[in-house]
Amino acid sequence: MNYDHLRSPAFVLEEAALRKNLEKLAGVQQKAGVDIILAFKGFAMWSVFPMVRQYLKGAAASSLNEARLCFEEMKTLAHTYSPVYMPADFDEIMRYSSHITFNSIRQFETYFPKVQQFTKHKITCGIRVNPEYSEVGTALYNPCAPGSRLGELYEKFDGGLPEGVEGLHFHALCESSSYELEKVLHNLEEKFGALLPKLQWLNMGGGHLITRKDYDVEHLIGVLTRFKEKYPNLKIILEPGSAIAWQTGVLVSTVLDIFDNRGDLTLMMDVSFTAHMPDTLEMPYRPKITGATDPVPGKPTYRIGGTSCLSGDFMEAYSFDRQVQIGDHLIFEDMIHYTMVKTTMFNGVAHPDIVVFRENGHWDIIRTFDYADYKNRLS
């Protein structure tokens, strides 16, 4: 695909790729008899929600702002969970939520009287639990790490479920397979199995990378189907973040300078890893660049430098088939999930445009950013 006509930098979503992912997820919903909902923490590009609404059953929110976005743009009430609720926000959160999950029994006991008094619509309440099993290797993303603050342990339920709790929620995966989910469910049943027949729903959280090419979709359907047969009382909910927008678009950038430090060359870009691709530093992971590879002796090789003044705003060297020139585009692949939702304007760096490449071949510039966007984030 040629991006030369676009202003750089720009996030570009491919509409056809998004639909392909949604169709696969809708197939799992239908075959397994579960609800798959969009997790805003991974993808919140509301301009394409009209398409998302055609396939998924709703959305998961982690704050008042996300719950309101769900109500306004997904046109439905949110499945809301927060590690801790802000007292000033809770009344409004109820307005936008069909499900509210609490991180602790104490939080549930604090807010459940408000839920009982709420009459505008039905709200069902749940508690997040920690199955104490996860194969997530990066500690920053492991919700079941020792001492985790996320979810109650099984011994907290020695006296049974608190009255009014209708569901449980767990989250133990991160870009994981159905086989890892199967192991988590085994541990969940060992610890919380006595509670499951007494519930109405179970939210299996996110991290299900169903749209990755090597994901065993049929195995997932089998795992979910068998679990539902064992617990026919439960409505099963999955809320993947990455899977919705997995490999649906890129970040287009431009080489502005080539910096030479005693022969070590760095391509100085108009994008920032810390401001525009923070997961590459947090996770950390090495983003793919179209036409580039890990270093190869004899090939033109460069570090990739971000535009901010943070010393660590760079990626170690990539090799290219030819010498890179000032003005060349670099295309960072798979940059739509967990990127735009985490971007900042650190240093006041230029924020990328948001563009959609439509299925009919039309390019839509959805949003551009200017000084007012930067200034209005501050006071």
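These numbers were taken from a predicted model, which means no experiment stands behind them.

Undergrad: Account for the overall build of the protein, naming residues and giving values.
TA: From N to C terminus, the protein includes eleven helices and 18 strands. Whereas a compact globule of 379 residues would reach a radius of gyration of roughly 21 Å, the protein reaches 22 Å, a difference of no more than 12%. Here the C-alpha coordinates of the protein stretch approximately 65 × 45 × 45 Å along the principal axes. With 379 residues in all, the protein has 54% of them scored as buried. Counting contacts in the protein only where the partners sit at least 6 residues apart, residues at least 24 apart contribute 69% of the total. Summed over its atoms, the accessible surface of the protein is roughly 17600 Å², and 50% of this surface lies on carbon and sulfur atoms. On the protein, the mean spot of the 38 positive side-chain charges and the mean spot of the 47 negative ones are 4 Å from each other.

Undergrad: Run through the nonpolar core, naming residues and quoting values.
TA: In terms of nonpolar packing, the biggest core is built from 99 residues, with M204, I304, F320 and F332 touching the most fellow members. The dominant element in this core, judged by the number of residues it contributes, is helix α7 (residues 217–230), at six residues. Contacts of F320, omitting those with residues within four sequence positions, involve L267, I289, G291, A292, K299, P300, Y302, I304 and L330.

Undergrad: Explain the side chain of H171 to me, using residue names and the numbers behind them.
TA: Inspection of the secondary structure puts H171 in the loop between β8 (165–169) and α6 (178–192). Within polar-contact distance, the side chain of H171 engages the backbone nitrogen of G206 at 3.2 Å. Sequence-distant contacts of H171, that is, excluding residues within four places in its chain, are made with K41, R128, P143, C144, G205, G206 and G207.

Undergrad: Would you mind going over the packing of helix α1 (residues 15–32) against α7 in detail, with residue names and values included?
TA: Put simply, α1 and α7 touch, their axes get as near as 9 Å, and they point 35° apart. Of the two elements, α1 crosses α7, and the hand of that crossing is right-handed. Here α1 contributes K24, V28, K31 and A32 to the contact with α7, which in turn contributes V217, E218, L220, I221, L224, T225 and K228. Among the residues forming the contact of α1 with α7, the class breakdown is six nonpolar, one polar and four charged.

Undergrad: Explain the sheet that holds strand β10 (residues 235–238) to me, and be specific about the residues and the numbers.
TA: Two strands in a sheet stick together by hydrogen bonds in their backbones, pointing the same way (parallel) or opposite ways (antiparallel). Judged by pairing direction, the sheet is parallel, and its nine strands sit side by side in the order β2-β10-β9-β8-β7-β6-β5-β4-β3 without closing on themselves. Two strands lie at the open edges of the sheet, namely β2 (35–36) and β3 (38–39), each paired on one side alone. Note: strand β7 (residues 124–128) against β8, four bridges, orientation parallel. Counterpart to I127 in the pairing with β8 is L168. Contacts between helix α5 (residues 105–117) and the sheet are confined to β6 (97–102), β7 and β8, with β7 contributing the most and set at about 170° to the helix.

Procedures and definitions
Residues numbered from 1 in each chain as written. Predicted model: local features only at pLDDT ≥ 70, side-chain atom pairs only at ≥ 80, totals over all residues. Heavy atoms only, no water. Helix = DSSP H or I, 4+ residues; strand = E, 2+ residues; numbered from the N terminus. Rg over C-alpha atoms; globule rule 2.2 N^0.38 Å. Buried < 20%, exposed > 50% of the residue type's maximum accessible area, 1.4 Å probe, protein only. Contact = heavy atoms within 4.5 Å. Areas by Shrake-Rupley, 256 points an atom, 1.4 Å probe, with all protein chains shown as cover. Lys, Arg positive; Asp, Glu negative; His and termini not counted. Charge placed at Lys NZ, Arg CZ, Asp CG, Glu CD. Core = buried A, V, L, I, M, F, W, Y, C linked by side-chain atoms within 4.5 Å. Polar contact = N/O pair within 3.5 Å; in protein donor to acceptor, adjacent residues only side chain to side chain. Axes fitted to C-alpha atoms, helices over the stretch in contact; angles between N-to-C directions. Left-handed = near helix turned anticlockwise from the far one by under 90°. Nonpolar A, V, L, I, M, F, W, Y, C, P; charged D, E, K, R; others polar. Pairing = 2+ DSSP bridges.

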